[in-house]
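Each chain, written out:
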Amino acid sequence: MSLRRALVGFVAAGCLFLMIEILISHREVFGEKPVAWSPIIVSVLGLLTSLWAFARWQPLAQKAFQVVCFLLLIVGLAGLYFHNHELFEGEHKETEGHAALGHEKGEGRGEEHHAPPFAPLSLSGMGILGLMATYPKWKQDE
Ligand code: HEM
């Protein structure tokens, strides 16, 4: 088996575990933020196309896998925004204000959303790895 094909198999496993992780982590935000489904959709596509390319190493399967890898890259970057939008939009202080208000009313801080700031980049990493595995112009080592 070639290293390229082995890396595509690795991406398949990565997409599977990311999909499971995000299904669990996003379970409370799926309802209020439909965009939270996008990493699930793209990781399922990543899993399917990587398995296809892994099983049949042919140009059509590789092209489809490359397109999905590009989507993984983009959705990961979008997730970086969604997980940190309070910082980007300067809402941080306002949120703290709400939290303080909730605290006064006896609501615990556990009710807040805590999106891990850089976790979405793991999707982008899978996409980059897949693009590297299928990039046709690598030079051979001497
Ligand atoms: C490994 C990847 C990811 C992990 C582990 C992860 C995990 C989480 C967690 C733990 C939360 C907080 C949930 C809660 O408060 O109940 C969250 C929120 C959220 N995530 Fe992710 N996420 C990932 C990737 C993504 C991606 C790629 C997107 C979008 C393209 C995304 C969109 C969102 C949105 C919209 C929220 C709600 C944020 C808010 O309420 O302010 N996530 N995520």
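Higher on the page you've got the structure.
Note that the structure is predicted; figures quoted are calculated from it, not measured.

Cut-offs and rules
Residues numbered from 1 in each chain as written. Predicted model: local features only at pLDDT ≥ 70, side-chain atom pairs only at ≥ 80, totals over all residues. Axes fitted to C-alpha atoms, helices over the stretch in contact; angles between N-to-C directions. Helix = DSSP H or I, 4+ residues; strand = E, 2+ residues; numbered from the N terminus. Parallel < 35°, antiparallel > 145°, perpendicular 65-115°, else oblique. Left-handed = near helix turned anticlockwise from the far one by under 90°. Contact = placed C-beta atoms within 7 Å.

S.K.: Looking at this structure, I do not really get the packing of helix α1 (residues 3-25) against helix α2 (residues 38-55). What am I missing?
M.R.: The description of two packed helices rests on the angle between their axes and on the distance between the axes. The N-to-C vectors of α1 and α2 enclose an angle of 155°; their axes lie 8 Å apart at closest approach. It follows from the interaxial angle that α1 and α2 lie roughly antiparallel. The chirality of how α1 crosses α2 is left-handed. For the pair formed by α1 and α2, the contact residues are R5, V8, G9, V11, A12, C15, L16, L18, M19, I22 and L23 on the first element and P39, I40, S43, V44, G46, L47, S50, L51, A53 and F54 on the second.

S.K.: Can you walk me through the packing of α1 against helix α6 (residues 121-134) in this structure?
M.R.: Viewed as axis vectors pointing N to C, α1 and α6 meet at an angle of 160°, and their least axial separation amounts to 9 Å. One way to sum up the angle between α1 and α6 is to call them roughly antiparallel. Helix-helix and strand crossings are classified by hand; for α1 and α6 the assignment is left-handed. Contacts between α1 and α6 involve R4, L7, V8, V11, G14, C15 and L18 from the former and S122, L123, M126, L129, G130, A133 and T134 from the latter.

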